[in-house]
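Descriptive analysis of the structure
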Amino acid sequence: MPVKVRFAPSPTGFLHIGGVRTALFNWLFARHAGGEFHLRIENTDTGREVAEATDQIKESLSWLGLDWDGPVTFQLDQTERCQVEARRLLEEGKAYEDEGAIRIKMPDEGVTGWDDAVRGPVEVANDTIEDLIILRSDGRPTYNFASPLEDWLDGITHVIRGDDHVSNTPKQIRVLEALGAEIPVYAHVGNVLGLDGKKLSKRHGAVGVDEFRREGYLPEALVNYLALLGWSYDDKTTIMSREELISRFTIERVAGSPATFDYEKLEWMNGVYLRELGEDAYAAALTTFLGEQGLDWDADLVRRTVPLVQVKLVRLDRYPEYAGFFFRDVTPDPKLLDARVLAAAEEALNKLDPFETEAIEQALRSLAESLELKPGKAFQPIRAAITGTNVSPSLFESIELLGREKTLQRLRAAAALAKD
RNA sequence: GCCCCCAUCGACUAGCGGCCCAGGUCACAGCCCUUUCAAGGCUGCAGCGCGGGUUCGAAUCCCGCUGGGGGCACCA
């Protein structure tokens, strides 16, 4: 039987990073097996912002490259079918009415168990499972009825979901049995925790996918990082392309223990991906990102700054601060300046020909020498004058790219500032 | 309160009885490189929660404890 899995978020808000991880595992599992990955919106509880949240979920998945098969389905669409099935269970004596709602009968003795694909055998005593309501008195199905029912209708073969669903599983298995449906394979993945050891939630920093996007993370990096949160290929492999992830992913190597989300490692990994990009691809990513930030900077100039910044940035959102001086004026802190050095620099660069990196470096080095200053000491005031700060891309290349006119202009302006 | 799940360096993890006085990655520290910051190279710091078993032999198996997480709705 071909593999068929689903990711079933509820449309209550943006896509949570823990949810994304669940989606990713489902997706990797399906793609590895050549099966299908479906997106189902569990809107059993009529939400107010369904449309908006659904769009956002779809966009987040798309951005990450997690494509789904077939149309997006909505649980609410199965309301009638749920009612029909509930009535059937009633007729078959497997359910009963209770104050207008319908409850399913659960066995009082014995156990309900399953062989969890990540945890192994799990058993729950039946006397701890109550007769749950499957249809509310207003006719709407409850989650624990609608979800397994739709899994059955959709022919879902594997249910891969978060740890928090473990206690729902025995209930859903009983529902499925009553329905006469086949029981899918269940796999419960450990939860994602925040730095404080608590389950990740909106309280703990950037947990929505959107936020990672705004902070300049690459989807490839996020996917790679997330894949390693609870799954591993072997004892030493860390960086894996999407294709490698797909071909290597198996549910057997997924861990059942909770994992703490580590921003520092994600950043490091993002840097790895950023550095691996070709210069044109890097420029394209940067331009797109800047556009999303509302910064309409000259794409050609952005492209030319790439060689100067690529190895330096670990996140795209650092670019404006780091390379913004190419696009807008600067106001350096006077404390970083030195009028004598700046005046000398202006003179040295004024009629330099050609105005190129190598010549610039040569000129400034001999300037340092004649002023009897260590190179680093002499360059810092110049750096501040040119870039506005004491942390910047390589000075000589920056000067070449900025051009003679602007360079001299900034040198003069800074020299004036320094005198006060 | 009841039920379920989990437990290796600060973090993510490898380990499925001897290959482990525990390996990799991030973080951290030191050194090298160096025009700042990064990146890179090298070195280092650091862990099997506790107590009982089983076994010739346990991080690996069993039991208990402790700790953490999740669940017990006409929420999903």
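Residues numbered from 1 in each chain as written. Chains lettered and ligands numbered in written order. Predicted model: local features only at pLDDT ≥ 70, side-chain atom pairs only at ≥ 80, totals over all residues. Heavy atoms only, no water.

1. Here's the deal with the pairing of strand E1 (residues 4-7)
- Where E1 meets strand E2 (residues 36-41), four bridges bridge the pair, whose relative direction is parallel. Pairing of Phe7 across the sheet is with Leu39, part of E2.
- Between the parallel pair E1 and E2, the chain is carried across by helix H1 (residues 17-33), and the sense of this crossover is right-handed. (Pairing = 2+ DSSP bridges. Helix = DSSP H or I, 4+ residues; strand = E, 2+ residues; numbered from the N terminus. Right-handed = clockwise from strand over helix to strand, strands pointing away.)

2. Some details on the sheet that holds E2
- The strand order across the open sheet built from three strands is E1-E2-E3, with neighbouring strands paired in parallel fashion. Sheet topology places E1 and strand E3 (73-74) at the edges, where each strand pairs with a single neighbour.
- Bridge count between E2 and E3: two bridges; the pairing is parallel. Along E3, the bridge assignment pairs Arg40 with Thr73.
- Of the strands in this sheet, E1 and E2 touch H1, which is tilted by about 165° from E1.
- Most of the contacts of helix H4 (residues 143-154) go to E2, to which it runs at about 145°, and overall it touches E1, E2 and E3. (Contact = heavy atoms within 4.5 Å. Axes fitted to C-alpha atoms, helices over the stretch in contact; angles between N-to-C directions.)

3. Regarding the layout of surface pockets
- The computed volume of the second largest pocket comes to approximately 270 Å³.
- Every residue lining the second largest pocket is counted, 16 residues in all, and those nearest its centre are Pro320, Glu321, Tyr322, Thr389 and Val391.
- No other element matches helix H12 (residues 319-323), which puts three residues into the lining of the second largest pocket.
- Within the lining of the second largest pocket, the residues separate by chemical class into six nonpolar, five polar and five charged. (1 Å grid on protein atoms, 1.4 Å probe; cavity = no way out; pocket = protein on both sides within 12 Å on 5 of 7 lines; lining within 4 Å. Points joined across faces, edges and corners; volume = space filled by probe spheres on them. Nonpolar A, V, L, I, M, F, W, Y, C, P; charged D, E, K, R; others polar.)

4. Some thoughts on the protein's contact with RNA strand B
- Neighbouring RNA strand B are 60 residues; Arg119, Arg136, Ser167, Lys312 and Arg365 lie closest to it.
- Counting only atoms of RNA strand B within 4 Å of the protein, the fraction found in sugar and phosphate groups is 72%.
- Between Glu99 and RNA strand B, the recorded distance is 3.1 Å, taken from a backbone N or O atom to a base nitrogen.
- Elements supplying a minimum of two residues to the surface near RNA strand B: strand E5 (101-104), strand E7 (120-125), H4, strand E12 (259-260), helix H9 (263-276), helix H15 (375-387) and helix H16 (395-402). (Near = heavy atom within 4 Å. Polar contact = N/O pair within 3.5 Å; in protein donor to acceptor, adjacent residues only side chain to side chain.)

Everything listed is a geometric property; what it means functionally is a separate question.
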